Amino acid sequence: MSFNEVLFFRVPQFFQLNVIGHLQTKKQLQPLLISKQLHFPRYSLKTIKALFDKNPFDEEFRFFNTKINVLKVSNWRKDYHNKIVSPLNYYGKINRQDYNVNGDIKFLAEISRLQFMPFLAFKSVESNRPEYLNRIEIVLQDWQKQNPYLNSIHWTSGIEVAIRSVNLVFTYQILHSFNKLSNKTDIEIRKQMAYNYQFLKNHLSLYSSANNHLMAELMGLNVIGAYFKVSKKETSKWKKMFFAEVQKQVNEDGVHMELCTRYHAEVLDQIIITLQFLKYSKTEIPYEINSKLKEMFKFIEHVSYCNVDTVFGDNDEGFVIDPYFVRGFSLYGSQLASSNHLFKTRYKSSGDIDFRNYMIFGEKFSNTVFESLPQNTYFKHSGYCFMYDHNAKIKLSFDVGCIGDNLSAAHGHSDIFHINLQQGSHQILVDPGTYQYHKKEVFWRDYFRGITAHNTISVNNQNHAVANNRMSWANRPEAPKTEIFYVENEVTCKSEHRAFRDVVHQRTINFSPLTKKITITDTLINYSSKSSNIEFYLQFHPKAQLKLNKNNLILKGQNKVIILKNTFFNKAKIIEGCEELPLAWYSEKYNTKLKSKCLKLTNELNKKTTLETIVSYE
């Protein structure tokens with residue numbers, strides 16, 4: 001931690017929490033006034049009806065492995081999954097990880113993002129039924145009564161305040177567009193915006209905390225500043241900070257610096273929404289910012305293939321806008337449609353209008369049917385390589401990047417040289433997922449982000465870095481050195497890392513659609529005089545049907561046979577759902593875990609040891 005961070009951030013942060021905040025709780029703020037220059041999205045009843053005809057509204061808000069009825073929920077400090085109510089307390093005294101007192105903060109925070117509110121607004125317009133308008137009023141009044149400023153757990157995180165703000169602004173705009181805004185709703189939202197704005201500007205995540213949270217907080221400030229009347233000096237400051245963070249947080253190849261699939265998508269939405277509101281308020285967007293935005297979509301193109309999402313790093317299924325009732329909604333697919341609208345790109349698209357894009361862009365949103373397929377691509381700066389055989393519907397992704405960002409690597413996993421492999425919608429080699437963040441689940445947290453849960457090699461059971469706490473890593477190694485070669489339709493990616501100090505790990509992947517083979521060659525060079533072991537791991541999807549026969553691992557799925565051959569497989573064993581180690585677990589969504597299958601091969605490390613795995617597919 002630098003001297004500047006301590007002096008200009010940590011010390012003021014301490015005084016905010018322990019001194020200034022107490023004074024702010026006593027200050028009554030006046031509701032913000034709406035901006036006179038409204039150039040925000042316009043909606044039509046015809047389009048809203050068409051969207052609801054295709055995606056009927058559901059009162060059950062589903063998130064993680066639980067749900068609530070948005071027309072009936074009444075306690076806004078309750079973790080409805082674990083049945084624990086967080087008490088009223090000054091925010092500086094609240095321990096967010098105290099499960100016995102507050103429950104699981106993820107379940108608490110999710111419902112108070114109020115992501116269902118814009119859809120209640122849309123439904124009130126489409127149905128013309130008063131109960132939806134009444135429900136919006138009740139939610140606003142109850143939420144504010146139960147969460148007085150700085151005196152509940154919902155005032156302990158800027159990202160939550162920001163996402164809540166954006167959804168309330170959209171709710172306000174939808175109702176305002178159709179003259180459905182009651183006096184109570186009008187005042188309650190404008191009053192809430194005053195407190196949200198006050199909170200965000202006093203609690204920015206700066207210095208070593210400056211990751212997706214800061215981008216979200218600046219989104220909140222810029223959206224509020226564009227829609228409501230606040231200080232011009234301050235709005236100018238937020239714009240400048242936001243543009244600087246886009247430049248800082250988005251790598252040269254368009255991948256977000258945290259190197260996580262889902263967080264890349266979340267930050268992309270934060271940027272899209274912020275830029276749209278700035279455009280609506282007649283702010284000119286710098287060319288370099290639009291260029292960064294356009295580059296971000298290139299990574300999104302490679303995330304989802306045959307309705308299977310590639311996962312790298314943490315995934316807590318986060319949204320800014322969550323069309324929770326739309327079955328099969330893909331944030332990634334929706335974002336590619338956003339790119340087609342904004343930049344006239346030709347990413348694969350159904351041509352449909354979806355709720356997320358309609359909420360952001362309104363009637364101006366346009367989309368076209370495109371059937372383009374992603375091509376072999378290497379994101380050099382961030383370290384992701386994607387390889388395809390579209391005829392066989394094979395996709396392989398190869399992680400040759402760092403562990404997370406260079407601040408604390410908070411959402412990164414020990415997954416250097418991890419690979420994902422799928423054939424069509426059949427998942428073969430998989431990332432294990434995330435499962436949980438909470439302190440009480442640190443045992444499982446360490447497993448799901450650790451090396452033994454990924455398709456790579458460990459030396460003496462070491463991770464690639466040292467787990468600093470449940471959300472960060474220390475001694476993060478340098479990025480692997482990587483080369484990529486293209487010969488006709490064949491691609492070879494060769495990489496080398498030194499995370500294990502005296503042991504160099506080289507992994508080369510050759511992908512040949514012509515021969516329908518993928519060759520994975522691992523070479524480990526030991527510069528130490530000490531004896532060592534290597535552990536080679538392959539993680540399979542829980543539905544994978546596999547059989548180990550001497551040196552061959554045979555997988556069946558979708559009437560296809562895939563064979564993995566390695567001369568050392570006769571020493572390997574298949575493990576299924578072991579809790580003690582732990583090993584062979586898969587989390588398809590936050591707070592769920594399933595038994596899966598894992599191949600573990602332990603071998604002595606000589607001065608130079610080579611393992612060759614050949615994947616043959618049909």
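So, here's what we can say about the structure. (Residues numbered from 1 in each chain as written. Predicted model: local features only at pLDDT ≥ 70, side-chain atom pairs only at ≥ 80, totals over all residues. Heavy atoms only, no water.)

Moving on: the packing of helix α7 (residues 158–177) against helix α9 (residues 212–227). For the pair α7 and α9, interaxial distance at closest approach is 8 Å and the crossing angle is 30 degrees. The orientation of α7 relative to α9 falls into the category roughly parallel. The handedness of the crossing between α7 and α9 is left-handed. On the side of α7, the interface is formed by G158, I159, A162, I163, S165, V166, V169, Y172, Q173 and H176, while α9 contributes N212, H213, A216, E217, M219, G220, V223, I224 and Y227. For the contact of α7 with α9, the per-class residue count stands at 11 nonpolar, 7 polar and 1 charged. (Axes fitted to C-alpha atoms, helices over the stretch in contact; angles between N-to-C directions. Helix = DSSP H or I, 4+ residues; strand = E, 2+ residues; numbered from the N terminus. Parallel < 35°, antiparallel > 145°, perpendicular 65-115°, else oblique. Left-handed = near helix turned anticlockwise from the far one by under 90°. Contact = heavy atoms within 4.5 Å. Nonpolar A, V, L, I, M, F, W, Y, C, P; charged D, E, K, R; others polar.)

Now for the environment of Y324. Among the structural elements, Y324 can be located in the loop between β6 (308–309) and α13 (331–343). When the C-alpha atoms of Y324 and R62 are compared, they prove to be 6.4 Å apart, with 262 residues separating the residues in sequence. Residues within four places of Y324 in sequence aside, it is in contact with F57, D58, E60, F61, R62, V70, F116 and F119.

Generally speaking, a soluble globular protein has its nonpolar side chains buried in company with each other. Core analysis: the largest hydrophobic core is formed by 123 residues, its most contacted members being F122, I271 and I273. Beyond its immediate stretch of four places on either side in the chain, F122 contacts Y43, I48, F52, I174, F355, Y358 and M359. Residues I403, A465, L524 and L538 belong to the second largest nonpolar core, which totals 47 residues. (Core = buried A, V, L, I, M, F, W, Y, C linked by side-chain atoms within 4.5 Å. Buried < 20%, exposed > 50% of the residue type's maximum accessible area, 1.4 Å probe, protein only.)

Tallied over the full model, the rule gives 61 aromatic pairs. Ring centres of F63 and F64 lie 5.7 Å apart, and the angle between their planes is 75 degrees; on these two criteria the pair is classed as edge-to-face. Given a relative accessible area of 6%, F64 falls into the buried group. On the numbers, 5.5 Å between centres and 70 degrees between planes, the contact of F170 with F277 is edge-to-face. In this pair, F170 is assigned in helix α7 and F277 in helix α11 (residues 261–280), connecting sequence segments 107 residues apart. (Phe/Tyr/Trp six-rings, centres within 6.5 Å; stacked < 30°, edge-to-face > 60°.)

With 18 residues, helix α10 (residues 232–249) extends 25 Å between its outermost C-alpha atoms, agreeing within 8% with the 26 Å of an ideal straight helix rising 1.5 Å per residue. For α10, every residue scored as buried is listed here: T235, W238, F242, F243, E245, V246 and Q249. Taken around the axis of α10, the buried residues stretch over an arc of 160 degrees, which confines them to a single face. Of the exposed residues in α10, those oriented more than 90 degrees away from the buried face are K233 and K240. (Expected span 1.5 Å × (residues − 1). Arc of directions from axis to C-beta.)

Side-chain pairing between opposite charges can occur once the charged atoms of the two side chains come close. For the structure shown, the criterion picks out 20 salt bridges. Two residues, D58 and R62, come together in a salt bridge whose shortest N-O distance is 2.8 Å. For D58, a relative accessible area of 17% corresponds to the buried category. Judged by its relative accessible area of 34%, R62 falls in the partly exposed class. The structure contains a network of salt bridges with shared partners spanning D58, R62 and R327. (Salt bridge = Lys/Arg side-chain N within 4 Å of Asp/Glu carboxyl O.)

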